Amino acid sequence: MRLSRRSRWLLRAAVAVGLAFIYVPLIVIVIYAFNSSKILEWPPPSFTTHWFTQAFKNEAAREAFFTSLKAGVAATAIALTLGTLASLAVARHRFFGRETISFLVILPIALPGIVTGVAISNTFTQVLEVPLSLFTVIVGHATFCIVIVYNNAVARLRRLSDSFEEASADLGAHTWQTFRYVTFPGMRSALIAGGLLAFALSFDEIIVTNFTIGAGEQTLPIWIYSNLFRPHELPIVNAVAVLVILISIIPVYLAHRLGAEEGGATGGRGAGGGVETEATAVP
Amino acid sequence: MASEAVAERRSAGHRLAGLFHGRERLQVGALLAGPVGWLVIGYLGSLALLLVAAFWSVDPLSGATIKEFTLENFEALVNEPVYRDIIWRTVRTALLVTLTDAVIAFPIAFYMAKLASRRGKALLVIGILLPLWSSYLVKVYAWRTLLSANGAINWALEPIGLHGPGYGITAVWLVMSYLWLPYMILPIYAGLERIPNSLISASEDLGASPFTTFRRVILPLSFPAVVAGSIFTFSLTLGDYITPRLVSNDQFIGNVIFSNVANNQPFAAALAIVPIVVTIAYLLVARRLGAFEHV
Amino acid sequence: MRRRDGNPARTAWLVVAGLVVFMLALAGCGGGGSDTTGGGSSDEALQKLGKGEGEVSLISWAGYVEPGWSKPFEKKTGCKVNNKEAGTSDEMVELMKTGQYDGVSASGNATARLVAAGLVAPVNTDLVPNYKTVFSDLKDQPYNTFEGVNYGIPHGRGANLLMWNGDDVKPAPDSWDVMFDPKIASKYKGKISVYDESSYIADAAMYLKYHQPDLGIENPYELNEEQFNAAIDLLKEQSANVGEYWSEAAKQISAFAGGDVTVGTTWQYQYFALKEEGVPVQASPASQGFLPKEGATGWSDTWMIAKNAEHPNCMYEWMNWIIEPKVNAEVAEWFGEAPAQELACKETENKNFCAEYHAEEPDFWKRVYYWETPLADCGNGEEDCKDYNDWVKAWTTIKG
């Protein structure tokens, strides 16, 4: 696109300002994580890595981290299964109520978290008489993660021409074989990207978790919330947050790479290759 | 021999596949049983069970639900002006945040889609996604400390005689715009990417100025993507109660639901119906505008 | 393979209609979940103390369950302590409803509700040896004894404090005027910190009892329409000056430390924490009995045991431990409240502690209005007092 020099620079400036807006608070968090003052004065009187060592030693934080991992993996697995199934139905078939599925799937994430959380919690404790535990948390998380996998999968399936699948059937493959050898490989990177985003969402979720978790357990956000206001624990929380950001560079990068390698078999319309757009089909 | 091997494998999996072959309804049914069962029976059913309590009332001392039909919760909602104020405050903020994020996100998404090099695109995508991995709570708390009277914002502004917004509705707007920005950037970016460069070139070849091209080609084509992003900024703002609690004294719908959910669940259920209706209405409008193709 | 798509809008409406019908059916028949209705005093308290179960889950106020005495408890009894801190009585009732906790340190605006909801069981004080030496004016009180049956073990009592930043608020206030009188409160506009629960309405009522005696307020928790509306109006006026409504102790600490608020209602726990951080806070002095001239609302807390608690033996051990003289002394000094255990007064580090906190003066506590659950039937024969639901609804309108 032809833009004047001035417009280009204005645009670049807008991007810079936008990125600054996004990153300044994160940088503040990083600075606080090294702040030697316990009550987090500003500007920090001096710097220390003390809080990071404390974070590693903190048993509650470590347990919460692993609980979050477990919940995230399980919820993502369920979301992947259900999301893929739904996407296959919607993108490859026509049926009564097809348009409604997209609407249905987005509801758990669009409706206020407190509503979803209380509804699920009530059903478990009052109707099913199942006590709250990590299981109920996973059910809650999976419910609003389905849409993320679903969106990515549908977007991908729409770009994958179904002529490949027809060809496969013509060559004698039955339904599972076609799925296994033709459809799934085409979808795989979109599913991985969707799965990673779903995991991220589950890992950071607080509101629904608050209502569906049992007394004895904590996910990382719950641990953070319970320590946010304790003056003695707060610096550790910042350190933990920084650690989580650092660790998460890996899956974000992975999601991106896997999305980008998809270029070939799409026969896609849309503007130039480069970054795959489904990896960004957002929560 | 080969045919024997093939004949052997025509058991379980193959036969099951044969059962499904040609029977579209069976295929669709099998695919949808899980997800639809989970979402309709599990999720919608739970919602219905919760919302039915809106027609009940509660004993003030024991907190036990009195399961007799009554409209008193809705009467209270309608008659007491504070609830209207709170609802309007929440919706207004949600709309403002959406607008703000759309305005900030668009240039960034445009740059990413049309002007950045391949490498730049990749870096920017990662750069936008990374903050999504930092804890929501930590981000809000960071803003709380930034906005505090002795915090970094005042520290930076006071020397030039200005003053930060402190806690309050402005803070809520600021923080929410901050939090949901990536959710707006990414769909717009995806939508802009889908616009073929050839269309833009054609527009320019036909003599349109960049501004006209933007107004008459790019904007209409990317609008559904903007609406798609707005679904998240709007609904996430509408339902949040933690941010208003941490950076202001203002009550949002979520706060009132939260303070009633323990002791007066019928009333909380009646309150909850409001954001549900608003969100569904918003989703229906968004769908009409084509957002669901872009989400 | 391509079939009719079906009318999508119609599907959606069908689903919605189905759900609405389902809901109305439920509403009409009163189906749905099970709800505990009042268990009352027909429940049995534990008769015999058995072996500890290895664990106990507690809900408590900030500062009530600290490693200083919970760790020795774990060593002694083998009962691991899982503690959940709550900021308001409402939160505590909500948590108890989940049925996942063994006990709670309940204030008077929670105890009656917990008993009525059938969430707690009577306490057999014979199984709690240290109960014998608890102050007698804490025993058999309307907030821990219902229909003659004992429902808990006293923890300690205290009054809500008026706290201010000595550098910003001058002269040192001796009255709640600084928070309620518009002329004075507006000087600190945006810097006032108020407790975020409907029980604060009683503070306004108490203020009016002193300053507007013709309203005839006797007990700030028993308010008729006129008195109630007067209190609400006062609070609405106040909310224009309020900087923060706090429900978590630590949130208030960070607000005072950050300079966002300079005067407010608080507990001794925050006061001591801030002094330790070096923030120049002051509170009504001991010479005034730590009370502004109108008096103060306060609390007298009771440890209650959940009905069908999973770890009843450990819970009884905890209830006995917390009023062990040495422990209760530590607890009282840490938080800054008057101990429930008479013998604790000999064990405090500060030999004047009990005197300073008026632990042994029943008359002093007549100026402190313990948190109570407002009921419509308030004993004035008219049953026209505002009840708990009214208070909660009003609180929302006050905050706006």
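Please read these numbers as outputs of a predicted model, since none were measured by experiment.

Undergrad: Please provide a residue-by-residue account of the packing of helix H1 (residues 5-33) of chain A against helix H9 (residues 169-193) of chain B, values included.
TA: It is the contact of H1 of chain A with H9 of chain B, at a shortest axis distance of 10 Å, that shows an interaxial angle of 120 degrees. As the angle between them shows, H1 of chain A and H9 of chain B are arranged oblique. For the pair H1 of chain A and H9 of chain B, the crossing hand works out as left-handed. Between H1 of chain A and H9 of chain B, the contacting residues are Phe21, Ile22, Pro25 and Leu26 of chain A on the first element and Leu174, Tyr178, Leu181 and Ile185 of chain B on the second. The class makeup of the residues in the contact of H1 of chain A with H9 of chain B is eight nonpolar, no polar and no charged.

Undergrad: Explain the environment of tryptophan 299 of chain C to me, and be specific about the residues and the numbers.
TA: All names here are of chain C. Checked against the element boundaries, tryptophan 299 lands in strand E13 (residues 296-306). By relative accessible area, tryptophan 299 is classed as buried at 3%. Through-space distance from the C-alpha of tryptophan 299 to that of tryptophan 371 is 5.3 Å; in sequence the pair is 72 residues apart.

Undergrad: Which residues make up unusual backbone geometry, and what values do they have?
TA: Residues and elements named next belong to chain C. Following lysine 170, the chain continues into proline 171 via a peptide bond in cis, with omega recorded as -5 degrees. With respect to the helices, strands and loops of the structure, proline 171 is situated in the loop between strand E8 (161-165) and helix H5 (177-180). Although it is not a glycine, aspartate 140 sits at a positive phi angle of roughly 55 degrees. One can find aspartate 140 in the loop between strand E4 (120-121) and strand E5 (145-146). One non-glycine residue, asparagine 308, lies in the positive phi region at around 55 degrees. Take asparagine 308: it is sitting in the loop between E13 and helix H11 (312-322). Looking at asparagine 308, the relative accessible area reads 72%, which means it is exposed.

Undergrad: Just give me the short version of the interface of chain B and chain C, but keep the residues and values in it.
TA: Frequently, the measure chosen for interface size is the accessible area that the parts lose on association. The partner chain C presents 48 residues to the 38 residues of chain B that form the contact. Buried area between chain B and chain C, summed over both chains or domains, comes out near 3,700 Å², and the portion from carbon and sulfur atoms is 55%. Per-residue buried area on chain B facing chain C is highest for Leu61, Asn249 and Asn263 of chain B; these three make up 16% of the total on that side. At the junction of chain B with chain C, the criterion picks out two salt bridges. For glutamate 244 of chain C, the salt bridge is made with arginine 144 of chain B, and the minimal N-O distance between the two is 3.9 Å. Contributing elements (two or more residues each) for the side of chain B that touches chain C: helix H3 (24-52), helix H5 (81-115), helix H7 (136-147) and helix H13 (253-261) of chain B. Class assignment for the residues of the side of chain B that touches chain C results in 22 nonpolar, 10 polar and six charged.

Undergrad: Quick one: what's the story with the pattern of salt bridges, residue by residue and with numbers?
TA: Close approach of charged atoms allows side chains with opposite charge to pair. All names here are of chain A. Enumeration according to the criterion identifies 11 salt bridges over all chains in this entry. A salt bridge links arginine 98 to glutamate 99; its shortest N-O distance comes to 3.8 Å. What makes arginine 98 buried here is its relative accessible area of 17%.

Undergrad: An account of empty space enclosed by the protein is needed here, citing residue identities and associated values.
TA: Counted under the stated rule, the structure contains 13 cavities of 30 Å³ or more. What the largest cavity holds in volume is close to 560 Å³. Considering the residues around the largest cavity, the lining is formed by 29 residues, among which Leu201 and Glu205 of chain A together with Trp180, Tyr183 and Leu236 of chain B are closest to the centre. Within the lining of the largest cavity, the residues separate by chemical class into 21 nonpolar, four polar and four charged.

Undergrad: I'd like a description of the interface of chain A and chain B, backed by residues and values.
TA: Chain A puts 98 residues into the contact, and the matching count from chain B is 102 residues. Taken together, both faces of the contact between chain A and chain B bury some 9,200 Å²; the carbon and sulfur share is 77%. Between the two partners, chain A and chain B, sit zero salt bridges. Linking chain A with chain B are 10 residue pairs in polar contact (both at pLDDT 80 or more). Here the element with the most residues in the side of chain A that touches chain B is H1 of chain A; it accounts for 15 residues. When its residues are assigned to classes, the side of chain A that touches chain B shows 71 nonpolar, 20 polar and seven charged.

Undergrad: Could you give me a rundown of the sheet that holds strand E11 (residues 263-266) of chain C, with the residues and numbers involved?
TA: Residues and elements named next belong to chain C. Read from one edge to the other, the open sheet built from five strands follows the order E10-E9-E11-E8-E12, with strand pairing classed as mixed. What marks the edges here is a single partner per strand, and that holds for strand E10 (242-246) and strand E12 (281-283). Averaged over all neighbouring strand pairs, the angle between strand axes comes to 25 degrees, with direction disregarded. Where E8 lies against E12, three bridges are found, and the strand directions are antiparallel. By the bridge assignment for E12, tryptophan 164 is matched with glutamine 282. Lying on the sheet, helix H9 (residues 249-257) is in contact with E8, strand E9 (192-195), E10, E11 and E12; it crosses E10 at an angle near 155 degrees.

Undergrad: Can you break down the nonpolar core residue by residue, with the values?
TA: Formed by 177 residues in total, the largest nonpolar core has its most connected members in Trp223 and Leu228 of chain A together with Ile185, Leu192 and Ile242 of chain B. With 15 residues, H9 of chain B is the largest single contributor of residues to this core. In contact with isoleucine 242 of chain B, not counting residues within four places along its chain, are Ile206, Ile207 and Tyr225 of chain A together with Tyr136 and Leu137 of chain B. Among the nonpolar cores identified, the runner-up in size contains 126 residues, and Leu58, Val169, Phe335 and Tyr369 of chain C belong to it.

Definitions and limits used
Residues numbered from 1 in each chain as written. Chains lettered and ligands numbered in written order. Predicted model: local features only at pLDDT ≥ 70, side-chain atom pairs only at ≥ 80, totals over all residues. Heavy atoms only, no water. Axes fitted to C-alpha atoms, helices over the stretch in contact; angles between N-to-C directions. Helix = DSSP H or I, 4+ residues; strand = E, 2+ residues; numbered from the N terminus. Parallel < 35°, antiparallel > 145°, perpendicular 65-115°, else oblique. Left-handed = near helix turned anticlockwise from the far one by under 90°. Contact = heavy atoms within 4.5 Å. Nonpolar A, V, L, I, M, F, W, Y, C, P; charged D, E, K, R; others polar. Buried < 20%, exposed > 50% of the residue type's maximum accessible area, 1.4 Å probe, protein only. Buried area = accessible area lost by both parts, 1.4 Å probe. Salt bridge = Lys/Arg side-chain N within 4 Å of Asp/Glu carboxyl O. 1 Å grid on protein atoms, 1.4 Å probe; cavity = no way out; pocket = protein on both sides within 12 Å on 5 of 7 lines; lining within 4 Å. Points joined across faces, edges and corners; volume = space filled by probe spheres on them. Polar contact = N/O pair within 3.5 Å; in protein donor to acceptor, adjacent residues only side chain to side chain. Pairing = 2+ DSSP bridges. Core = buried A, V, L, I, M, F, W, Y, C linked by side-chain atoms within 4.5 Å.

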